[in-house]
Amino acid sequence: MVDTNSAFVGDIPGNYDKQMGPVIFEHMAQIMARKVAASAPKHVLELAAGTGIVTRHLATVLDDTHIVVTDLNEPMLEIARKKFSETEKVSFQTADAQDLPFEDGTFDAVICQFGHMFFPDRAKAHAEAARVLKPGGQYLFSTWGTNAENPYSELVIETLSAAFESDPPGFMKIPFSLNDATGILGELRQAGFTEPHHEYVEHAPSVESFDAFALGLILGSPAYFEILEREGDHGEIARTLAGHMRARFGHEPSTMPLKAHFFQTASV
Ligand SMILES: C[S@@+](CC[C@H](N)C(=O)[O-])C[C@H]1O[C@@H](n2cnc3c(N)ncnc32)[C@H](O)[C@@H]1O
């Protein structure tokens, strides 16, 4: 049985990067890169970096900074690697965010876009970030708002629940499961970080093709394995999902709302 919580492997990374990335991750990645660049860090660690969507923006705005790009899943990093030339100061390493293979006090910033929802022990991830940061180093990460605040995800859940009534898949709840800002700020204080703060960001990306986006969600996330295990038809489910998206958000070119939380704090 595949661990659907964190199985970004096989053909998932390519589909994730091409079909989902431009719609839901790109704009949030630009915001993250701007926030990180504000403190002009020289040595950055990126956690759960996936296919390098944030990294690409960060390396462009901070061209003299060394970025260590990590993720639990090597297949995600393989896609990320292709986005950088040999002259760029970017290196790649598989690493679990809860058990980092780096010395204490190494980095000026530790950053992560939409990764913390997948860490089974978040307190450990915060503690590891605190450990590898230099004193005063920045810790920045983002999480999604609720499923209702990101309604495309509700349509995925509804479509999959209708397709597999007796055994509905659960993956699509996980990315939206970490939206209690007050609780997360408390976690950061508990981990010894100072003056943590939070910003709520809304965005309405334009969608050129709900067919491509729906297929990306079905083939580019661990929902792929959930459908495989239930012997479902990925193409048919993606077509049904695209129809629901059109009915909810209007025919393409269309837009749909997204909401995310950004957290920023410093180590002592
Ligand atoms: C939704 S993706 C976000 C990727 C990237 N940050 C982005 O914005 O596109 C979640 C990522 O978390 C990674 N991941 C899951 N569990 C992890 C862990 N324990 N440590 C590090 N990365 C993990 C997955 O491999 C996946 O690439």
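Use the structure listed above.
None of these values were measured; they are calculated from a predicted model.

Chemist: With reference to specific residues and values, describe the site of the ligand.
Modeler: Around the ligand sit 19 residues in total, of which Y16, A48, D71, N73 and Q113 are the nearest. D96 has a polar side-chain atom sitting 3.0 Å from a nitrogen atom of the ligand. Expressed as a share of its isolated accessible area of 590 Å², the protein-covered part of the ligand is 98%. Per-class residue counts for the shell around the ligand are 12 nonpolar, five polar and two charged.

Chemist: Lay out unusual backbone geometry with the relevant residues and their values.
Modeler: The amide bond that connects E252 to the next residue, P253, takes the cis arrangement and shows omega of -5°. Summarising the element assignment, P253 is placed in the loop between α9 (234–249) and β8 (254–255). Unlike most non-glycine residues, A48 shows phi in positive territory, near 45°. Among the structural elements, A48 can be located in the loop between β1 (43–46) and α2 (53–61). The phi angle at E195 is positive, at roughly 40°, despite the residue not being glycine. Here E195 shows up in strand β6 (residues 194–203).

Calculation rules
Residues numbered from 1 in each chain as written. Predicted model: local features only at pLDDT ≥ 70, side-chain atom pairs only at ≥ 80, totals over all residues. Heavy atoms only, no water. Near = heavy atom within 4 Å. Polar contact = N/O pair within 3.5 Å; in protein donor to acceptor, adjacent residues only side chain to side chain. Areas by Shrake-Rupley, 256 points an atom, 1.4 Å probe, with all protein chains shown as cover. Nonpolar A, V, L, I, M, F, W, Y, C, P; charged D, E, K, R; others polar. Helix = DSSP H or I, 4+ residues; strand = E, 2+ residues; numbered from the N terminus.

No statement about biological role is implied by the geometric values presented.
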